[in-house]
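# Analysis of the macromolecular model
Chain by chain, the residues run as shown.
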Amino acid sequence: MNKAQSIQNLMNHVGDRDIVIASTGHVSRIIFTNHDRPLNFYVCGAMGSSLAIGMGLAMNLPDRTVFVFEGDAGALMGLNNIVLLNYLKLPKLQYFVLDDNACSSTGGQKTCSELLYIPPAVIFKVDKSTDEGLSRIEDPIKLKERFMNALKE
Amino acid sequence: MGVPCSELKDFVAELQEDSSMEYVPCTCEKQALGLAVGAYLAGKKPLVYMQNSGFGDCLDMIASLLIPHCIPVHFLVSLRSKPWQHEWMFKITQEMFLLLDYREVTFC
């Protein structure tokens, strides 16, 4: 299964009021292209910080379910976040890693994700992806304001 | 949220004793900043505290996430100049704030 199909299956479980944090690289571009919605926040820069941002939201909005989707390279870059997640025990935060053992958006260079074992993260092994047909995310301020307005509804 | 510094230990001690909020033992400055971004998106006005050495670690997050998204986060940064391992970061810290176009900076 490729990354886009795996994300499609996961997005089917996202409810109308649920928050989605999409990490740097192909994950955010796939979600933006195929599953854009106001309660998505795209972390285009600051690679490795998606889970921390998700935790900040989950701590302050305990009634909301927060889905964090990240690639293996981003997960490896922010491994310390999983320790804090286990410490904080945020029951409504769901962390999914789409693992293709590669830095897809920089040319498919290999990662060391074979050794990635970070419960409670759920890791899906996926085929390597290309950026064919994927849109670029533009206008971050507009997307942020749309996200924050949707949270108020 | 933030990362302790010896210069900030009284401030951090007050946070730890404050029963009105949960003390979050962040593992690094970028993590504290990530939590602050999430808190801001949730409608809060976050402040992150750290030593200037850790502020250096935050530069990419500020440049690639906070500034492009217009996400305001207050920083409380302690400025260490000694011993020797702090000297270089001390020399460039004020300039880093100016390079980032942070206008409302008070050095004390």
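Every chain's residues receive numbers from 1 upward, in the order its sequence appears when written. Numbering of ligands from 1 and lettering of chains from A proceed in the order in which they are written. The predicted nature of this model means local features are confined to residues of pLDDT at least 70 and side-chain atom pairs, given and counted, to a pLDDT of 80 or more, with totals for whole chains, interfaces and linings taken over all residues. Excluded from the side-chain calculations are hydrogens and water; all other atoms, namely the structure's heavy atoms, are used.

### With respect to the overall build of chain B
- Each helix is a run of DSSP H or I of at least 4 residues and each strand a run of E of at least 2, with the numbering of both proceeding from the N terminus. Regarding its fold elements, chain B presents five helices and two strands.
- The helix and strand sequence of chain B, counted from the amino end, reads α-α-β-α-α-β-α.
- Its C-alpha radius of gyration of 14 Å places chain B within 12% of the 13 Å reference for a compact globule of 108 residues.
- With respect to the three principal axes, the spread of C-alpha positions in chain B is 35 × 35 × 25 Å. Within these notes, the globule rule equals 2.2 Å times the number of residues to the 0.38 power, and the radius of gyration is based on C-alpha atoms.

### Some words on the interface of chain A and chain B
- By the convention used here, residues are in contact when the closest approach between their heavy atoms is within 4.5 Å. Counting residues at the interface gives 26 residues for chain A and 24 residues for chain B.
- Summed over both partners, the accessible area lost on bringing two parts together, with a 1.4 Å probe, is the buried area. Across the interface of chain A and chain B, roughly 2100 Å² is buried in total on both sides, 69% from carbon and sulfur atoms.
- Taken as a group, Asn60, Leu84 and Lys144 of chain A account for 22% of the area that chain A buries against chain B, more than any other trio of residues on that side.
- What counts as a salt bridge is simple: a side-chain nitrogen of Lys or Arg found within 4 Å of a carboxyl oxygen of Asp or Glu. Between chain A and chain B we count zero salt bridges in total.
- For the side of chain A that touches chain B, the element with the highest residue contribution is helix α3 (residues 50-60) of chain A, accounting for seven residues.

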